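Architecture at a glance
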Amino acid sequence: MDSSTNSLDDVSADSSTEFPDRTSMMEVRLQAQEDEITLLKSSLADALRRIRLHDQLLPLLKQQLIAVNPGAARVLNQVCCSDSCTSSRKLSSSSAVDGIRHPATSQLSDSIVTNANGHIGGSVSVKPRLRPATTDRSTQTEPTLPGQVTEQDRVPLPRRVQSLQLEDALPPGEPVVEGVRAKLHRVPGLEEEDEEQEEDEGEGGEQEKELSWMSSVEEPIQPTTIRSLQTEDFQDGSCSPEEPGSGLTSVRTSDQSLSSRSGPLSPIQEGEKKPLVRRNSEKLGNPERQRKRLDKKAASSANLLTRSPSLENRAKELVAGAGSPGSRRGTYGQGQSIKMFIRGRPITMYIPSNIQNYEDLKMEPPSERLELDWVYGYRGRDCRANLYFLPTGEAVYFIACVVVLYHINNRTQRHYRKHTDCVRCLTLHPDKVRVASGQTAGVDKDGKPLQPCVHIWDSTTLVTLQQIGLGTFQRGVGSVAFSFADSGAFLCVIDDSNEHMLSVWDCNKGTKHAEVKSTNEAVFAVEFNPSDSTNIITCGKSHVYFWTLSTGQFTKKQGIFGKYKKPKFIQCFVFSLTGDVLTGDSEGNILTWGKSAADVKTLGKGAKETFQIMRQTRAHEGSVFTLCTLQGGALLSGGGKDRKIIRWSADLAPERECEIPEKYGAVRTIADVDGEELLVGTTRNAILRGTFSDGFVAIVQGHVDEMWGLATHTSQNIFLTCGHDRQVCLWNTEEHKLDWCITLEEYGLCAGFCPNGSVVSVGLSTGRWMVLDLVTREVVSESTDGNEQLSVMRYSPDGSFLAVGSHDNFIYIYNVTENGRRYTRFGKCNGHSSFITHLDWSKDGKYIMSNSGDYEILYWDIASGCKLLRNRFESKDREWASYTCVLGFHVMGVWLEGSDGTDINALCRSHSERMVAVADDFCKVHLFQYPCPKPKAPSHKYDGHGSHVTNVCFTHSDSHLLSMGGKDTCILQWRVMGSGVGDSRERLASASSTSTSSPEPATS
């Protein structure tokens, strides 16, 4: 067995506790080997592509040179003679691994090119364009390095060719610009030869005049004024052919550093210019040194594989990571980078300069914590009988996993938060203090089902008194009701299983008294008879059942419709003061049910009494969604299609009626406040308060469909939301109310406030985006970019640019003028291979960091023309005005073990740069320390949402955090409690020398 297998066996033995099954170990080993094979194939393909490209460029360059100066043909003939000696290239096995190509001496003919005007612009060196490190799903490559020719490959050149000057190729009398005059030069090369360079320069500078062959590594690209040749290699989509840095040629001088350039194009890299250094000069006069250098190059032929983990190390990392096949694994590199794996794809992140020892960083949870401050929204869209009024002056209702107690006069909220998933039903005990609420079944982050149950709790203290039916109900709890005749001693529950199991429970003991299968049809409501706790009624799709409980056994009688049309749905029912049952149905009728003697002719001999319709009253156009009895025997009914609330006398004579505004939807439920004032829950998730005479106003409002867009104002305590319901809503965090709401033609998915605070931009699902005035609510500007949905709208810190991230893989940049009211296209960032998910601006407003759907992290130089920065290492110390990108070194620790790349929907760094909030796919909001660059960083975790959390955002002062759910249509406003000392940069610098242990994540 070879050494690699032995080492893997050792790893397996050492890690037996994590991989007890040898089959699992073999799978890990096989995966690692497949990864290495893929890496080698990719490197070999790169080398072959570069050779082919070089061969294609030779004729083109020669033709251009001869076309400009026919006299140059003589020089080319001399070079061609040399070419005939070495016409065949050799690709060694080491270059197949490294991706190193050995060019022939014909590169000399490539060293002179024409500028954009067709004239000789200076001596240049042609090199294959550097292929950046990729993190493709199927391959993992580091930057590939064009190599050098050996002593054996080199052809002695005539002295004239070795000292070829720019004037040799110019027509007679053509002037040469001073400062551009240069011989063929050398460029920065492999970093491994820095020591070699110092020795060479110490022994003799005269040898540096020798001709050298280029090698390149991922370094800052020097500014240039020469347009690159347009070839088929531009089709990788990162830059347009005319952009500097995207071509195959560049201009450099060897006798001095370039301090400035004048030309039609802006430089890609700004800042300090590094002097040109010759690192790979071939010293022909020193065979011993040449032999040592070749040995060193041979030793570095495995450079590509040593930069990425070897087969043995990869296997060890897989064992140490101990995650699922799609887990996230962090790997600390030997240099200044770290790799993070998501779904098997490596993501390289460079460590900032202020971190001296990454391994010594200690992650701690933030000193700040969150406290639920306010809940926006109400679940009336698909739930019934979920609004009650307490003697304390509070309305009790629910949304997501929170039961809200809202004082309608004081405008304060309290919250019952013991449920682990969405609350589905609610009922009030006869004592008007105790509340029973039932939840649906959910799943945890591992996909394991969470068991539904019913909580009985005290509305005064918010203390849970009893947990009913844990492990008994299936899917969820659909309806609950307390008994009345015995002062609420029993609780009736109907679950959401196929049989809709009907069960009765002892409220004090928490034990089940009886259980029976009710029906396979949907059940909408259940109630005890107020005067007899042994009688229970249920209604739903095409049925009304009258149940009798005796000695733990149920008997069922079905309501008979007889001569009346059988409605599709019985939506609701109540008991009248006379003991009759009144039902509201989908036909708009109120049916009065009563007992009568059995029809022997129809049911046969021995038939007992039956429940039949005694009276039918036409009430509403469309469905009757709710019925509510008032003191004195009066009845309230709420209509669906007609949106009417009608007051009926005890004998069902209509007395008064009113219609609620259309924008609030249909009437879902009604709660009596004092006999005159009413609370009305609607199907568009609003709660209205009012009377028949004064009308109704909304005291609670919310979205009615999935939400994604969230933005907070730059200086005011307001925020904006948008979602699939096509509503754009502006909320006030201090007054806890909706300031205004408008409806669009398409649904919005993202939003961003202009830094001046006067306008807000909203991105829509069709590629269209619009800018709204916050005061007038008018559209001041609009545009369309592509035909796919937009995902990000982000202004630069000074408000001079707007970046629009789209699902068509592009980022569109706009110039912003006239205080955010005029927008002109500035450019387009083209380079992502998947849809844009997040982006952020640098603090100076010149650069953008962006994430995409295939887990890419790219950096863009906007000021220089929306250019892709291929050397991501340069951006490691850049400071960002905001941090919402879910992938990045500073937030790597937010990814939980086993994450598949879509588990985190959004994150937001606080303006103080002390903490980062995370919205995940498992209904949780996390609060991490910022920065948190190490895996398994501890956090505070908060429940409340009943669906995937789509977005989070801090207010301008970091006093509150806002989070929004997807399908639960809920917005939670969290108060930030506590604060620490110092900023994130101080914390990060000191963390490397601190040995404090990381506590376990706290759950709130």
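The sections below set out a description of the structure shown in this document. (Residues numbered from 1 in each chain as written. Predicted model: local features only at pLDDT ≥ 70, side-chain atom pairs only at ≥ 80, totals over all residues. Heavy atoms only, no water.)

Attention now moves to the environment of Ile718. Within the secondary structure, Ile718 sits in strand S39 (residues 718-723). Considering only alpha carbons, one finds Ile718 and His956, 238 residues apart in sequence, at a separation of 9.1 Å. Sequence-distant contacts of Ile718, defined by excluding residues within four places in its chain, comprise Thr712, His713, Leu730, Trp731, Asn732, Thr733, Asp739 and Leu774. (Helix = DSSP H or I, 4+ residues; strand = E, 2+ residues; numbered from the N terminus. Contact = heavy atoms within 4.5 Å.)

Here we come to the side chain of Ser910. Counting through the fold element by element, Ser910 comes out in the loop between strand S54 (904-909) and strand S55 (915-920). For Ser910, a relative accessible area of 1% puts it in the buried group. Ignoring any residue separated from it by four or fewer positions in sequence, one finds Ser910 in contact with Met915, Phe954 and Asp958. (Buried < 20%, exposed > 50% of the residue type's maximum accessible area, 1.4 Å probe, protein only.)

In this section: the sheet that holds strand S21 (residues 512-517). Strand order across the open sheet formed by four strands is S18-S19-S20-S21, with antiparallel pairing between neighbours. Because the sheet does not close on itself, it has two edges, and the strands there are strand S18 (477-482) and S21. Ignoring strand direction, the axes of neighbouring strands in this sheet form an average angle of 15°. As paired strands, strand S19 (residues 490-495) and strand S20 (residues 501-506) are joined by five bridges and run antiparallel to one another. When the bridges of S20 are listed, Val493 appears paired with Ser503. (Pairing = 2+ DSSP bridges. Axes fitted to C-alpha atoms, helices over the stretch in contact; angles between N-to-C directions.)

Strand order in the open sheet made by the four strands is S42-S43-S44-S45, with antiparallel pairing throughout. Pairing within the sheet leaves two strands with one partner each, and these edge strands are strand S42 (748-753) and strand S45 (779-784). Taking the axes of each pair of neighbouring strands and ignoring which way they run, one obtains an average angle of 20° across the sheet. As judged from the five bridges shared by S42 and strand S43 (residues 759-764), these two strands associate in the antiparallel manner. Within S43, the position partnered with Cys750 by the bridge is Gly763.

Negative phi characterises most residues that are not glycine, and trans characterises most peptide bonds. The amide bond that connects Tyr930 to the next residue, Pro931, takes the cis arrangement and shows omega of -5°. Not every positive phi belongs to a glycine, and Lys432 is a case in point at roughly 65°. Tracing the sequence through the fold places Lys432 in the loop between strand S12 (423-428) and strand S13 (434-439). Residue Lys432 is classed as partly exposed on the basis of its relative accessible area of 43%. Within the chain, Arg777 stands out as a residue other than glycine whose phi angle is a positive 65°. Relative to the assigned elements, Arg777 resides in the loop between strand S44 (768-773) and S45.

Pairs can form between side chains of opposite charge once their charged atoms are near each other. Under the counting rule described, the total for this entry stands at 29 salt bridges. Residue Glu746 pairs with Arg768 through a salt bridge whose shortest N-O separation is 3.5 Å. One end of the pair, Glu746, is in the loop between strand S41 (737-743) and S42; the other, Arg768, is in strand S44, with 22 residues separating them in the sequence. Both residues of the pair, Glu746 and Arg768, count as buried. Here Arg821 and Asp773 are joined by a salt bridge, their closest N and O atoms 2.4 Å apart. Pair noted here: Arg821 is in the loop between strand S48 (810-817) and strand S49 (822-830) and Asp773 is in strand S44, with a separation of 48 residues, a long-range link. On the basis of relative accessibility, which here comes to 35%, the residue Arg821 falls in the partly exposed class. Residue Asp773 is classed as buried on the basis of its relative accessible area, which comes to 6%. Overlapping salt bridges bring together Lys843, Glu879, Arg909 and Glu913 as one network. (Salt bridge = Lys/Arg side-chain N within 4 Å of Asp/Glu carboxyl O.)

Next up on the list: the side chain of Thr626. Tracing the sequence through the fold places Thr626 in strand S30 (residues 624-629). For Thr626, a relative accessible area of 6% gives the class buried. If sequence neighbours within four positions are ignored, Thr626 has contacts with Cys572, Leu636, Ser637, Gly638, Val667, Arg668, Thr669 and Ile670.

Turning next to the packing of aromatic side chains. Under the defined criterion, the tally for this structure stands at 25 aromatic pairs. Centroid distance Tyr376 to Trp731: 5.1 Å. Interplanar angle 65°. Geometry classified as edge-to-face. Of this pair, Tyr376 sits in strand S7 (residues 369-376) while Trp731 sits in strand S40 (residues 727-732); the two residues are 355 residues apart in sequence, bridging distant segments of the chain. Owing to a relative accessible area of 3%, Tyr376 belongs among the buried residues under this scheme. Consider the rings of Phe473 and Trp505, whose centres lie 5.7 Å apart with planes at 65°: the pair is edge-to-face. With Phe473 in the loop between strand S17 (464-468) and S18 and Trp505 in strand S20, the pair connects residues that are 32 residues apart, well separated along the chain. Each member of the aromatic cluster is reached from another via a ring pair, and the members are Phe546, Phe561, Trp593 and Phe611. The ring of Phe524 has Arg384 sitting right over it, with the charged end atom 4.1 Å from the ring centre. Note that Arg878 overlies the ring of Tyr847, its terminal NZ or CZ placed 3.6 Å from the centroid. (Phe/Tyr/Trp six-rings, centres within 6.5 Å; stacked < 30°, edge-to-face > 60°. Lys NZ or Arg CZ within 6 Å of the ring centre and 35° of its normal.)

Along S19, five of the six residues are buried, which leaves the element largely enclosed by surrounding structure. Of the pairings in the sheet, the one linking S18 to S19 comprises five bridges and is antiparallel in character. When the sheet's bridge partners are listed, Val477 is paired in S19 with Asp495. Where S19 hands over to S20, the hairpin turn is made up of five residues, of which His500 adopts a positive phi near 50°.

Everything listed is a geometric property; what it means functionally is a separate question.
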